[in-house]
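# Inside the fold
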Amino acid sequence: MTHSFFTGVACGLLLLAAARLAIGQRRSDNRWLLIVIFGAFVYLLRPLLKDQDPHLDLLIDFPTLLIPGAFWLFTHQLCSERDQFPSWGWGVIAAELFIDFFSQLHIHTVFYLLAQPFKLGLIGAGLVTLLRQLQYDLVAERRLLRIALLIAIGSYMVIVVCAEFLFSYFPVPSGIAALHALMASVLAFSACLWLLALSPNALDESLPPRSATDQGETGNLQDTAPTTPEPLDEHQRELLLRLQRHMDSGGYRKTGLTIRELSETLDAREHVLRALINKHLGFRNFNEYLNQYRIDEASRRLAAPEEAHLPVLTIALDIGYRSLSPFNAAFKRRHEKTPTEFRREQLPA
C-alpha cells in the first residue's frame, strides 16, 4: 500500500513537471528532458501493471529504454553552447538501445549482461558532460542546475541501474520497493519545487532557445530576444573598468586562466565577476570571453608580415592556449576558416 501511494505521488509530480516543461517548449528546446521524465513515469508505473502479452510489455517498456540516451543528450544540450552532439555518440546510443531491446526479449543472457554496462556508460557520459567546464559556466541558473543534476538525478539513475542488476540475481529485501517509490517522490517533488517556485526560469535561461523554424510561423520571436541589462552600480562599474584594463594589458594570455584566478587578481568576488561577464558583457561561458581577446590578437599576428615566420602553434601558445586543437576550433568559430587558411589569405605569397 505504501509503495502504491508513493508511486502515485511521484507519477503525479512528474506529470506536473512535464506540463511545466511543455509550456516552456515554445521558448526553449526541452524535448530530451521530456523524454527522460516520460520514461521515468512509465518506469515507476510499470510494477503496478499486470503482466501483458510479451510484445505489448516491450512496447510499454520502450520509453524506459530511452532514458539513458536521452539523459546524455539532455546534458549535452544543456552544457554545450554551439557544439553538435558527436556522431559517434549516436552510434553508442543506438547500440545500447539494440542490446537493451534484445535483453527485454530474453533471447540470451549475454544481452542482459551487456545492457547494464551500456546503460551506466550513457549515464556516466551525461555526468561527465555536466562536470566538464563547470567552472567556466557563467550562467548562474545553469551552474546550479548542473550541480543538482549531478548530485540528485545522476546518482539516483546509477543506483537504480546497479540495484536492478543486483536484484536480478538476489532476492529483493522487503521495503525496497517502497523505499524506491519514496526516493522517486522526493526527487519529483524537488524538481517541481525548483521549476515552479524556486527557479521557474532556470531551464529557459539554461537551454538553447528554439529557432525561428522550430517555433513556426505563429511563434513569438520576441520571447527569445535579449533583455537590456540592469544599470551598473558604482562598484560594478569600477570592477568592469579594472577587468577591461587587465585584459587589455594581456591578462588573457595566462595559460589555464580560470575565473576564480581572475577574480583573485582583481580582488573581486567570483560570483560578482561571473554575473558581470554574463549579464553585462553577454558571455555565457568564460572560455568564450577569453577567446574574444585571444582570437583578436591571433588574427592581428597572423596577418602581420613581420610575424609570417612564426608557426601557428607558437602564436597559439603565446596567447594562452595549451595546444593547437582548441585554438583551431575557437579560431574557426570566429572566422569560419583555419588559422593557416586565414594567414594564407592575408599574406599571399
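Residues numbered from 1 in each chain as written. Predicted model: local features only at pLDDT ≥ 70, side-chain atom pairs only at ≥ 80, totals over all residues. Heavy atoms only, no water.

Nonpolar side chains collect at one region of the surface, where Leu113, Phe165, Leu166, Tyr169 and Phe170 lie side by side and expose about 500 Å² of accessible area between them. Within the secondary structure, Leu166 is located in helix α7 (residues 140–167). Judged by relative accessible area, Leu166 falls into the partly exposed class, the value being 42%. (Patch = residues over 30% accessible without salt bridge, like charges linked within 9 Å, V, L, I, M, F, W, Y side chains within 5 Å. Areas by Shrake-Rupley, 256 points an atom, 1.4 Å probe, with all protein chains shown as cover. Salt bridge = Lys/Arg side-chain N within 4 Å of Asp/Glu carboxyl O. Helix = DSSP H or I, 4+ residues; strand = E, 2+ residues; numbered from the N terminus. Buried < 20%, exposed > 50% of the residue type's maximum accessible area, 1.4 Å probe, protein only.)

Enumeration over the complete set of coordinates arrives at 15 aromatic pairs. Judged by centre distance (4.9 Å) and plane angle (70°), the ring pair of Trp72 and Phe85 falls under edge-to-face. Pair noted here: Trp72 is in helix α4 (residues 67–79) and Phe85 is in the loop between α4 and α5 (87–104), with a separation of 13 residues, a long-range link. Note on Phe85: relative accessible area 13%, which makes it buried. Taking 5.7 Å as the distance between ring centres and 50° as the angle between the ring planes, the aromatic pair formed by Trp72 and Trp88 counts as tilted. Of this pair, Trp72 sits in helix α4 while Trp88 sits in helix α5, placing them 16 residues apart in sequence. We classify Trp88 as exposed; its relative accessible area is 56%. Ring pairs connect the aromatic residues Tyr136, Tyr252, Phe283, Phe286, Tyr289 and Tyr293, which therefore count as one cluster. Directly above the aromatic system of Tyr321 lies the positively charged group of Arg294, at a separation of 5.2 Å from the ring centroid. (Phe/Tyr/Trp six-rings, centres within 6.5 Å; stacked < 30°, edge-to-face > 60°. Lys NZ or Arg CZ within 6 Å of the ring centre and 35° of its normal.)

Glancing now at the confidence of the model for the chain. Per-residue pLDDT for the chain averages 83, and the proportion of residues at 70 or more is 89%. Residue range residues 212–226 is modelled with pLDDT below 50. Its contacts to residues more than four positions away, or to other chains, number 12 contacts. (pLDDT = per-residue confidence, 0-100. Contact = heavy atoms within 4.5 Å.)

What follows covers the nonpolar core. Side chains of nonpolar character tend, in soluble globular proteins, to be buried together. Membership of the largest hydrophobic core comes to 35 residues, with the highest contact counts inside it found for Ile37, Leu44, Phe71, Phe74, Leu78, Leu130 and Leu203. Among the elements of the structure, α1 (2–24), α2 (31–45), α4, α6 (109–131), α7 and α8 (176–198) are those that each provide at least two residues to this core. Dropping the residues within four chain positions of it, Ile37 is found in contact with Leu14, Ala17, Ala18 and Leu21. Among the nonpolar cores identified, the runner-up in size contains 21 residues, and Leu239, Leu240, Ala268 and Tyr289 belong to it. (Core = buried A, V, L, I, M, F, W, Y, C linked by side-chain atoms within 4.5 Å.)

Right, let's talk about the pattern of salt bridges for a bit. Taken as a whole and assessed by the stated rule, the structure comprises 14 salt bridges. Taking the shortest distance from any N to any O, the salt bridge between Asp100 and Lys119 comes out at 3.7 Å. Of this pair, Asp100 sits in helix α5 while Lys119 sits in helix α6; the two residues are 19 residues apart in sequence, bridging distant segments of the chain. Overall, Lys119 belongs to the buried group, its relative accessible area being 11%. Residues Arg242 and Glu238 are paired through a salt bridge, measuring 2.1 Å at the closest nitrogen-oxygen approach. Of this pair, Arg242 and Glu238 both sit in helix α11 (residues 234–248), separated by four residues, roughly a single helical turn.

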